[in-house]
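Observations on chain architecture
The primary structure of each chain is shown beneath.
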Amino acid sequence: MKRIFTILMVAMLAIGTLSAQNAERRIGFGLHFGKNEYSGDLGNGFFDWSQPFYGFLGASLYAYLNPSFDIGISTTWGDYGYYVDAQNNMFGRKTDASFRLVYKLNNGYILSETSRFAPSIFAGVGGATYRNPEERDRRINHGVDVILPAGFNLKYIFTDWLALRYQLTGNLTFQDKRDYIVEEMNDFYWQHSLGLVFSIGRKEAAAAAPVAIAPAVPAPAPQPQPEPEPVVEVVPEPEPEPEPERIVVEEPVKLEVVERDYIGTIENVLFAFDSYEIGQENISILENVVRVMRDYPQYKLEITGHTDNIGAPAYNQELSRKRAEAVMSYLTNKGVQAGRMSILYKGETNPEVSNDTSENRALNRRVVFRLVK
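Reading the values: the criteria
Residues numbered from 1 in each chain as written. Predicted model: local features only at pLDDT ≥ 70, side-chain atom pairs only at ≥ 80, totals over all residues. Heavy atoms only, no water. Helix = DSSP H or I, 4+ residues; strand = E, 2+ residues; numbered from the N terminus. Expected span 1.5 Å × (residues − 1). Buried < 20%, exposed > 50% of the residue type's maximum accessible area, 1.4 Å probe, protein only. Contact = heavy atoms within 4.5 Å. Polar contact = N/O pair within 3.5 Å; in protein donor to acceptor, adjacent residues only side chain to side chain. Axes fitted to C-alpha atoms, helices over the stretch in contact; angles between N-to-C directions. Parallel < 35°, antiparallel > 145°, perpendicular 65-115°, else oblique. Left-handed = near helix turned anticlockwise from the far one by under 90°. Nonpolar A, V, L, I, M, F, W, Y, C, P; charged D, E, K, R; others polar. 1 Å grid on protein atoms, 1.4 Å probe; cavity = no way out; pocket = protein on both sides within 12 Å on 5 of 7 lines; lining within 4 Å. Points joined across faces, edges and corners; volume = space filled by probe spheres on them. Salt bridge = Lys/Arg side-chain N within 4 Å of Asp/Glu carboxyl O. pLDDT = per-residue confidence, 0-100. Core = buried A, V, L, I, M, F, W, Y, C linked by side-chain atoms within 4.5 Å. Pairing = 2+ DSSP bridges. Phe/Tyr/Trp six-rings, centres within 6.5 Å; stacked < 30°, edge-to-face > 60°. Lys NZ or Arg CZ within 6 Å of the ring centre and 35° of its normal.

**A closer look at helix α2 (residues 283-295)**
- Taking 1.5 Å of rise per residue, 13 residues should cover 18 Å, and α2 covers 18 Å from first to last C-alpha, within 8% of that figure.
- Among the residues making up α2, those that are buried are Ile-285, Leu-286, Asn-288, Val-289, Val-290, Val-292 and Met-293.
- Those residues of α2 that are buried are in contact with β10 (269-270), β11 (300-305), α3 (313-333) and β13 (366-372).

Laid out in structure tokens, this is it:
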């Protein structure tokens, strides 16, 4: 049994060398292994490494409720016992399951939601069953207990779908007879576990809206002019010599040039979570901006970067700057003069919609264009 758990630990740590972070996947499935530690009338096995290794395997399933809370179920099955000497000992098989409510500390109030270290605390209610490993062996009093588990998790998030988790759980039981000793205090057992959590689901991306450009209004076609009537030559009668006219100097007439305004829309460019890379779905939008700047040279372009509210404000401010600069770099490479463009970056301070859902947060991860003269 010890050899199997050692191999599992090495394998999990090897997989854990992957890199990255979890964002919007709402279901977490965990596989873990660990050690049961009895505490009761026979003695206290908490962190007592002189005791035999009473190992277990386990699984868990959790669902996202909001940035602060998750809810789920966890179960384990394996060895359980305590050894003093040949006369005073206990050993058997234990299976338990419990419902749990988890409070996450990386909820945006205590730690950032984008933190790779994700500690949490939990409590719940469940049950445990005990049985002897062999029918003739009476080293544990078989039966069912109600249990109240509580403890803490420490997760390190590698990718948006993978995390490594250590968990310490204390389980209060409502019986005091599994060790065949009935005194004043109920039995209690600790569980240490290490395992992987796989986040299930797909990231949601906002669909790009169609580009809408109003057609330019064509100039009115020239109207046909009537043919001139033939000129009849009239011989004027001789006139007396005119008096000399006074010379009047007038101010030249100034011509007013009225520029045609651009009529149409320039759509926002949207970004993936924690990213300033321009996605393929935004290329048509940026090519439209290039056409507008080419066709309307009288305009300048103001480029403003924004983020959602996940993460530290200072980090989001820097991320919005990188998004605006990425768009400006694309337009410059397509021939738009840098002197006709300027950038602003506002972080999470000016959301287009509220950040209460993942769909709204996707709309707030944007770069906005504004034409100015």
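**Let's talk about the side chain of Asn-107**
- Mapped onto the elements, Asn-107 comes out in the loop between β5 (89-104) and β6 (117-131).
- On the accessibility criterion, Asn-107 (2% relative accessible area) is buried.
- A polar atom in the side chain of Asn-107 sits 3.1 Å from the side chain of Tyr-103.
- Ignoring sequence-local partners within four residues, the contact set of Asn-107 consists of Pro-67, Ser-68 and Glu-113.

**Concerning the packing of α2 against α3**
- Running from amino to carboxyl end, α2 crosses α3 at an angle of 60°, the nearest separation of the two axes being 10 Å. Classified by the angle between their axes, α2 and α3 sit oblique to one another. For the pair α2 and α3, the sense of crossing is right-handed. Here Ile-283, Leu-286, Glu-287, Val-289 and Val-290 of α2 lie close against α3, whose contacting residues are Val-327, Tyr-330 and Leu-331.
- Class assignment of the residues belonging to the contact of α2 with α3 gives a composition of seven nonpolar, no polar and one charged.

**Quick look at empty space enclosed by the protein**
- One pass over the structure, following the stated rule, counts five cavities of 30 Å³ or more.
- In this model, the second largest cavity occupies a volume close to 60 Å³.
- Taken together, Thr-114, Phe-273, Asp-274, Thr-307, Asp-308, Ile-310, Tyr-315, Asn-316, Leu-319, Arg-323 and Arg-365 form the lining of the second largest cavity.

**A short note on the pattern of salt bridges**
- Here the structure, examined in full by the defined rule, presents 12 salt bridges.
- Asp-96 serves as the salt-bridge partner of Lys-94, at 3.1 Å between the closest nitrogen and oxygen. Exposure class is identical for Lys-94 and Asp-96. Each is buried.
- Here Glu-302 and Arg-370 are joined by a salt bridge, their closest N and O atoms 3.6 Å apart.

**Section: the confidence of the model for the chain**
- Confidence in the prediction for the chain averages 80 pLDDT; 75% of positions are at 70 or higher.
- Note on residues 203-212: pLDDT under 50 across the span, and 17 contacts to partners over four residues away in sequence or across chains.

**Describing the nonpolar core**
- Counting 22 residues, the largest nonpolar core has Leu-301, Ile-303, Val-327, Leu-331 and Phe-369 as its most contacted members.
- Ranked by the residues each element gives to this core, the list is headed by α2, at six residues.
- Setting aside chain neighbours within four positions, we find Ile-303 in contact with Ala-324, Val-327, Met-328, Leu-331, Met-341, Ser-342, Ile-343, Leu-344, Val-367, Val-368 and Phe-369.
- Counting residues in hydrophobic clusters, the runner-up holds 10 residues, among them Tyr-38, Leu-42, Tyr-80 and Ala-128.

**Remarks on the sheet that holds strand β12 (residues 341-345)**
- As summarised here, the arrangement of the four strands in space is β10-β13-β11-β12, forming an open sheet in which the pairing is mixed. Two strands close off the open sheet at either side, each with one partner strand: β10 and β12.
- Pairing of β11 with β12, which is carried by five bridges, proceeds in the parallel orientation. Considered in β12, the bridge of Ile-303 is made with Ile-343.
- Across the sheet, α2 is in contact with β10, β11 and β13; its angle to β13 comes to roughly 10°.
- Packing against the sheet, α3 makes contact with β11, β12 and β13, and its axis sits at approximately 160° to β12.

**A look at unusual backbone geometry**
- The phi dihedral of Phe-47 is positive, around 55°, even though this residue is not glycine.
- Here Phe-47 is to be found in the loop between β2 (43-44) and β3 (55-64).
- Assessed through its relative accessible area of 43%, Phe-47 is described here as partly exposed.
- The phi torsion at Asp-274 lies on the positive side, around 60°, for a residue other than glycine.
- Asp-274 gets classed as partly exposed once you look at its relative accessible area, which sits at 33%.

**Side note on the packing of aromatic side chains**
- Evaluation of the coordinates by the stated rule reveals 15 aromatic pairs.
- Ring centres of Phe-46 and Phe-47 lie 4.7 Å apart, and the angle between their planes is 75°; on these two criteria the pair is classed as edge-to-face.
- Taken together through their ring pairs, the aromatic side chains of Tyr-38, Tyr-80, Tyr-82, Tyr-130 and Tyr-189 make up a single cluster.
- If you follow Lys-94 out to its NZ or CZ, it ends over the ring of Tyr-80, 5.6 Å from the centre.

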